[in-house]
Every structure is written in C-alpha cells, then in structure tokens.
Amino acid sequence: MSANGTVQIGGLLGQVVWRKEGGRFVIARFTTQDGKSCSVKGDLAVPCEGARYRLIGRWSDHPKFGRQFSFESYESEKPTDAGAVRGYLKETCKWIGPRVADAILSAFGEQQAIEILKTDPGRVAREIRGITWARAEEIQGVLVAMEAEEKIALELGRMLGGLRVPERALNRIRDRWGADAPDVIRQNPYVLAREVAGIGFATADAIHFKQDAKIHIIWASWHNVERCFNWIRFAPTNLITIK
C-alpha cells in the first residue's frame, strides 16, 4: 500500500459491463494475477477486453454489487495474444472486421500486428486483401492518435490521481492544452485553478509535484488577492469603511 492508501492490482480486463457514452468511465470484470475475479471501475482511454492492465486505486464494498476496485490511474500492456489483438482492433478501428483481423494476425503475427499497422501502411495495403492504401493510412492515423490519447490519459491519471477531479474538468484540460497538458501542469499546476472550471486552488495546491517556491508564493498571493477582491465586490456597503 502506498502512502496515500492506494494499492496496485494486475491482471486481465474482462467484459466491459458498462461504458459511459462519449466518456472514458467503465465498469468491467477483471481477473487478477492470482486468478480471482472482481469488478473494477474507473477511466480507461481505450478499454480492451483481454488486455493486461496494472490498476492503481482502492478497494470498497458496495451494498448491492459487493467488493469493487475503484482505480484512479492505470498502465496498460500492448496486446500480444490473438484475442487481445482482435479486441483492441475492434475497439479502435471500425473498418476491421473478424475476417480482416484474422488476415492481419496470419500475415504479421500476434506480437507485431499492431506495430506494423501503426508504422507501415504500405505493407498492410500490399499484404492484406480488402485494405487499400488510403484505408491503411486511416488505420495508422487512428492507432497513433489513440496511443497518444492513452499516453496523455495515463500521465494525467498519475498527476491527478486521488484528487477526485471531475471528468468534465479532465475533458476541459484535454481540450485546452491537448498533448501539452501534462507539461503545462508539470511546469505550473496552479494554472488549473485559474483556467479550468471545476478545479479550485486547493486541488491545484494538492498536486504532488516538486514546484519552484516562487511560483507557489505568486499563485498563493493571487488566490488571496482574488478572495479579497470578491469580498469587497459583494460585501454589503455598510461593512466597508474607507478612511
């Protein structure tokens, strides 16, 4: 168990029981490394049934659904067996059906299939019947974009894990800074309090990064000045005396 009370579990992601439409929150079955089955819930950028994950979070007991694991961050392993590769392609590439997925696995193997799809669209178009050059480039673009999105989600999960940042606030962070979001937060987490609705100064202050003391003082001073300004702005006039 870590200092903040979180634990890590590793294993295989099973059936995704529920997934928030347009979001990343999922509830799924999970088989731990010691063979035990449990229910897990949290944000996954690309949930891939049959893939291996390391989840970081906390256990809880639900009165109706029993023991559950709520994860705040995770690390995924690239799918390397046939079932996991099929599941990953099904989730990410709508053009790849069962027949084409089998052809890809037959041509490139379980270990290299996804890497070749990402890096060599010409070879994919030449060797896989039913995939044109243009379609191979589309597949490449989707896989590269999804990998980048997952990388950002993982970094933000490590930075903000345990702080109960609302999903809408996370989406605003991604929309505002995109791939630069982790670097922006790393350089100055207090910018979140200023520019992202749903994140206050206390949350920004709680992000566990080693920061320059001057930045902390400047933003703490801004926070106090703003509070004073808002008090003066909205306080009843009979409470304000100017000499």
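Note that the structure is a prediction, hence the values are computed from the model and not measured.

What's the story with the sheet that holds strand E2 (residues 25-32) in this structure? I'm lost.
One key point about sheets: their strands pair by backbone hydrogen bonds, in either a parallel or an antiparallel sense. Reading around the barrel, the 5 strands line up as E1-E2-E3-E5-E4 and close back on themselves, with mixed pairing between neighbours. Looking at each pair of strands side by side, their axes are set apart by 50 degrees on average, direction ignored. As defined by bridge partners, strand E4 (residues 52-62) adjoins strand E5 (residues 66-76) across 10 bridges and the pair is classed as antiparallel. Residue pairing across strands places arginine 58 opposite serine 70, the latter belonging to E5.

Even after reading the chapter, I still don't get the nonpolar core, so can you show me in this structure?
The nonpolar side chains of a soluble globular protein tend to be buried, and buried together. Counting residues in each nonpolar core, the largest one holds 42 residues, and the members touching the most others are Val40, Tyr53, Leu55, Tyr74 and Ile104. Where this core is concerned, the elements lending two or more residues are strand E1 (7-19), E2, strand E3 (37-43), E4, E5, helix H1 (82-92), helix H2 (98-119) and helix H4 (133-160). Apart from residues no more than four positions distant in its own chain, tyrosine 53 is found in contact with Ile9, Gly10, Gly11, Leu13, Phe30, Leu44, Val46, Pro47, Cys48, Tyr74, Glu75 and Ser76.

How should I be thinking about the pattern of salt bridges in this particular structure?
Where charged atoms of side chains with opposite charge meet at close range, the side chains can pair. Within the structure shown, the criterion is met by 12 salt bridges. One salt bridge connects arginine 24 with glutamate 149, and the closest N-O pair in it is separated by 2.6 Å. One end of the pair, arginine 24, is in the loop between E1 and E2; the other, glutamate 149, is in helix H4, with 125 residues separating them in the sequence. You can call glutamate 149 partly exposed: its relative accessible area is 26%. Here aspartate 61 makes a salt bridge to arginine 67, at a shortest N to O gap of 3.5 Å. Since its relative accessible area comes to 46%, arginine 67 is described here as partly exposed. Where salt bridges share partners, they join Glu115, Lys118 and Glu147 into one cluster.

Just checking my understanding: could you explain the packing of aromatic side chains for this structure?
Describing an aromatic ring pair means giving the distance of the ring centres and the angle of the ring planes. Scanning the model with the defined rule gives 5 aromatic pairs in all. Ring centres 5.0 Å apart and planes at 70 degrees place the aromatic pair tryptophan 59 and phenylalanine 69 in the edge-to-face group. With a gap of 10 residues between them, tryptophan 59 in strand E4 and phenylalanine 69 in strand E5 connect regions that are remote in the sequence. Under the relative-accessibility criterion, tryptophan 59 is labelled partly exposed at 32%. On the basis of relative accessibility, which here comes to 0%, the residue phenylalanine 69 falls in the buried class. Through pairs of rings, three or more aromatic residues link up here, namely Tyr53, Phe71 and Tyr74.

Looking at this structure, I do not really get the pairing of E1. What am I missing?
Two elements, E1 and E4, share 6 bridges in a ladder whose sense is antiparallel. Within E4, the position partnered with valine 7 by the bridge is glycine 57. Of the pairings in the sheet, the one linking E1 to E2 comprises 6 bridges and is antiparallel in character. Considered in E2, the bridge of glycine 11 is made with threonine 32.

Whenever I open this one, the layout of surface pockets confuses me. Can you help?
Where empty space is left becomes clear once a probe the size of a water molecule has been rolled over the atoms. Size it by volume and the largest pocket reaches roughly 610 Å³. For the lining of the largest pocket, the secondary structure elements donating two or more residues are E3, E5, H4 and helix H5 (167-177).

Could you clarify how one ought to interpret the environment of phenylalanine 25 in this entry?
You can see phenylalanine 25 is positioned in strand E2. On the basis of relative accessible area, phenylalanine 25 is assigned to the partly exposed category, the value being 26%. Along the sequence, phenylalanine 25 and leucine 44 sit 19 residues apart, while their C-alpha atoms lie 6.3 Å from each other. With residues up to four places along the chain from it excluded, the contact list for phenylalanine 25 reads Trp18, Arg19, Lys20, Lys41, Gly42, Asp43 and Glu167.

Would you mind going over H2 with me for this structure?
The α-helix advances 3.6 residues per turn, and as a result positions three or four apart in sequence lie on the same side. Helix length check: H2 (22 residues) gives 22 Å between terminal C-alpha atoms against 32 Å at 1.5 Å per residue, more than 12% under. Maximal helix bending in H2 amounts to about 110 degrees, located at glutamine 112. On its buried side, H2 packs onto H1, helix H3 (121-127) and H4.

About the cut-offs
- Residues numbered from 1 in each chain as written.
- Predicted model: local features only at pLDDT ≥ 70, side-chain atom pairs only at ≥ 80, totals over all residues.
- Heavy atoms only, no water.
- Pairing = 2+ DSSP bridges.
- Helix = DSSP H or I, 4+ residues; strand = E, 2+ residues; numbered from the N terminus.
- Axes fitted to C-alpha atoms, helices over the stretch in contact; angles between N-to-C directions.
- Core = buried A, V, L, I, M, F, W, Y, C linked by side-chain atoms within 4.5 Å.
- Buried < 20%, exposed > 50% of the residue type's maximum accessible area, 1.4 Å probe, protein only.
- Contact = heavy atoms within 4.5 Å.
- Salt bridge = Lys/Arg side-chain N within 4 Å of Asp/Glu carboxyl O.
- Phe/Tyr/Trp six-rings, centres within 6.5 Å; stacked < 30°, edge-to-face > 60°.
- 1 Å grid on protein atoms, 1.4 Å probe; cavity = no way out; pocket = protein on both sides within 12 Å on 5 of 7 lines; lining within 4 Å.
- Points joined across faces, edges and corners; volume = space filled by probe spheres on them.
- Expected span 1.5 Å × (residues − 1).
- Bend = angle between axes of the 7 residues up to and from the residue.

None of this, on its own, says anything about what the molecule does.
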